[in-house]
Amino acid sequence: MSERSAAIRILPELLISQIAAGEVVERPASVLKELLENALDAGAQEIQVTLDQGGMRRVQVDDDGAGLERDDLPLALARHATSKIRTLEDLQGVATMGFRGEALASIASVARLTIASRVKDAARGVASSPHAWKIGAEGAHIGEVEPAARAPGTTVMVEDLYFNTPARRKFLRTEQTEFGHCEEVFRRLALARPDCAFVLRHNGRVSLHLQRQMLAERAAALLGGGLLEAGFPVEARAGALRLHGLAGAPQAARARADAQYLYVNGRFVRDRMLAHAVREAYRDTLHGERQPAYLLFLELDPRGVDVNVHPAKIEVRFRDASGVHQFALHALKRVLSPAAAEAPVSYVRFPAAGAQQSLQMAQPAAAYQSFMAAAAGSAVLPSAQPAALPASEPSPPLGFALAQLHGVYILAQNEAGLVLVDMHAAHERIVYEKLKGNLDAGRVERQQLLVPAAFRAEALEVALAEESREALERLGFELSAGGPNELAVRAAPALLAGGDIVGLTRDVLREIREYGASEALQARQNELLATMACHAAVRANRALSASEMNALLREMEATERAGSCNHGRPTWYQLTMADLDRLFMRGR
């Protein structure tokens, strides 16, 4: 490097702004994000977005916010000029979407930008200035302030993005791709502010028109009704922390993480710590790489979160990251762990007499309590005589069993209509939750086998059983070597003793061999217990008595996360009388 080229120089203002634009203005969607945030910070109640050619030709945002004074227009295009912070204390507790004072200056350095604004009288909601003013900028040139015609509010129009930096323009994608990115930015901001009306136009056509509405209505309009229908409302508080929104049920999970919206103080963020808390809350209900769907809003004291981490403002840093993680984790776990008794169906009172009694709608408590042991084994409970159901007693949420369909599904009647239950999936969840509870409490009950279950094993499996004796005992297994190539199971977990003991033992040993005993009991504990529960669950084509079916329904009502099995599949569905009427076209 020559002496001349190594000399330190002050960079030109235009180049400084273009460097800043490289950090902030990645594509038209980045421009739209900055303009929308400014409009929301200005107190807008209605925002209209106009895009041409995916935003590459034009991005225009019109709002009915507070507006800008004539003398403020040139300052709006100056770098590091802002009305949102004045001191370090303001920065440490910033509550606005924008605050850097770089966005408009950076955008103007790589596009043709025009601002037209008219100040609104906040008290009366009318213009306090006789007319609007406008200013234009193109690269390094900033024009003069001129009179304009506009209602109270602000219009910012950005045209020909990267007209003076063609190398950057080459990185833009197709019109449809760029519009897709703009639409996603629009969706994120619109979800954050359901109290504000939004309109999105692309190439002269209206793509989205959103009225001011409740959060649930806004979520349904932008994310579809599926999240609402297969989701749980979230509302949790702890001191200054609040988490609210919607958490999708396991049935709403997707192959991609494209329905995950997380906000901190109204700002859409991608935070690894919070994402980990959400994923951990879903761990017992999602299978494999399925991704949960959610719309969650975390609110806390602005001084407890640093939003000045990245120029794009999409990353944050919490001052008490551990406390926020634990709060979010436990709040979501409570929401995602309802028993079927908390199912969203209304209750009515069944009549004391009639056809329902002949279907054994009330069963002795002893039959319910003995179901788990009987269902895991081959014995069939004796048929119990139904007890009289008091007229004043409300029906259980899942109702009472009517019949068994093809040895796979239980049909039950509740107040709302017909309940369909996958008996294997439901029993699998019940057994899994009991195994997990027992293991966490350090008391997995074992049952000695009257005749040890012997099976041929590889020498490696025999050695592994000896080395992992302690881990196997924690799980409720007692194994002994019957020879160099033989293992015998002398005791098994009581909940599983009636199942395929040999197959279950082989699967457990396989898990331990692949991941190690300590790893299998820690990081992969849930997967291991899910494998064990699957072996113990009642199989298809097994005939259940009315007592057993009703006992299974009562167990579901008392078990957390009973709405889905360990693989995230639903365990039951509700068909209301209205659903059935529609199927049979009644009332038409």
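Structure's up top.
These numbers were taken from a predicted model, which means no experiment stands behind them.

Let us now look at the pattern of salt bridges. A complete count under the given rule lists 33 salt bridges for this structure. Of the charged contacts, one joins Arg 254 and Asp 258 as a salt bridge, the two residues approaching to 3.7 Å between their closest N and O atoms. For Arg 254, a relative accessible area of 35% puts it in the partly exposed group. The class for Asp 258 is partly exposed, based on a relative accessible area of 35%. For Arg 317, the salt bridge goes to Asp 306, with nearest N and O atoms at 3.6 Å. Note that Arg 317 is positioned in strand 18 (residues 317-318) and Asp 306 in strand 17 (residues 305-306), a separation of 11 residues in sequence. One network of salt bridges, in which partners are shared, links Arg 57, Arg 112, Glu 138, Glu 159 and Asp 160.

Right, let's talk about the environment of Glu 555 for a bit. With respect to the helices and strands, Glu 555 occurs in helix 21 (residues 546-558). For the pair Glu 555 and Ala 426, spaced 129 residues apart in sequence, the C-alpha separation works out to 9.1 Å.

Moving on: the packing of helix 15 (residues 423-440) against helix 20 (residues 525-536). For any two helices packed against each other, the geometry is given by the interaxial angle and the distance between the axes. In the contact formed by helix 15 and helix 20, the axes pass within 8 Å of each other and the chain directions differ by 130°. As the angle between them shows, helix 15 and helix 20 are arranged oblique. As for how helix 15 packs across helix 20, the hand of that crossing is right-handed. Contacts between helix 15 and helix 20 involve His 424, His 427, Glu 428, Val 431, Tyr 432, Leu 435, Lys 436, Leu 439 and Asp 440 from the former and Gln 525, Asn 526, Leu 529, Ala 530, Met 532, Ala 533, Cys 534 and Ala 536 from the latter.

Between its first and last C-alpha atoms helix 20 spans 17 Å; for 12 residues at 1.5 Å apiece the expected length is 16 Å, and the two agree. With 9 of its 12 residues buried, helix 20 lies for the most part within the structure. Looking at helix 20, one finds that the buried residues are Gln 525, Asn 526, Leu 528, Leu 529, Ala 530, Met 532, Ala 533, His 535 and Ala 536.

What counts and what doesn't
Residues numbered from 1 in each chain as written. Predicted model: local features only at pLDDT ≥ 70, side-chain atom pairs only at ≥ 80, totals over all residues. Heavy atoms only, no water. Salt bridge = Lys/Arg side-chain N within 4 Å of Asp/Glu carboxyl O. Buried < 20%, exposed > 50% of the residue type's maximum accessible area, 1.4 Å probe, protein only. Helix = DSSP H or I, 4+ residues; strand = E, 2+ residues; numbered from the N terminus. Axes fitted to C-alpha atoms, helices over the stretch in contact; angles between N-to-C directions. Parallel < 35°, antiparallel > 145°, perpendicular 65-115°, else oblique. Left-handed = near helix turned anticlockwise from the far one by under 90°. Contact = heavy atoms within 4.5 Å. Expected span 1.5 Å × (residues − 1).

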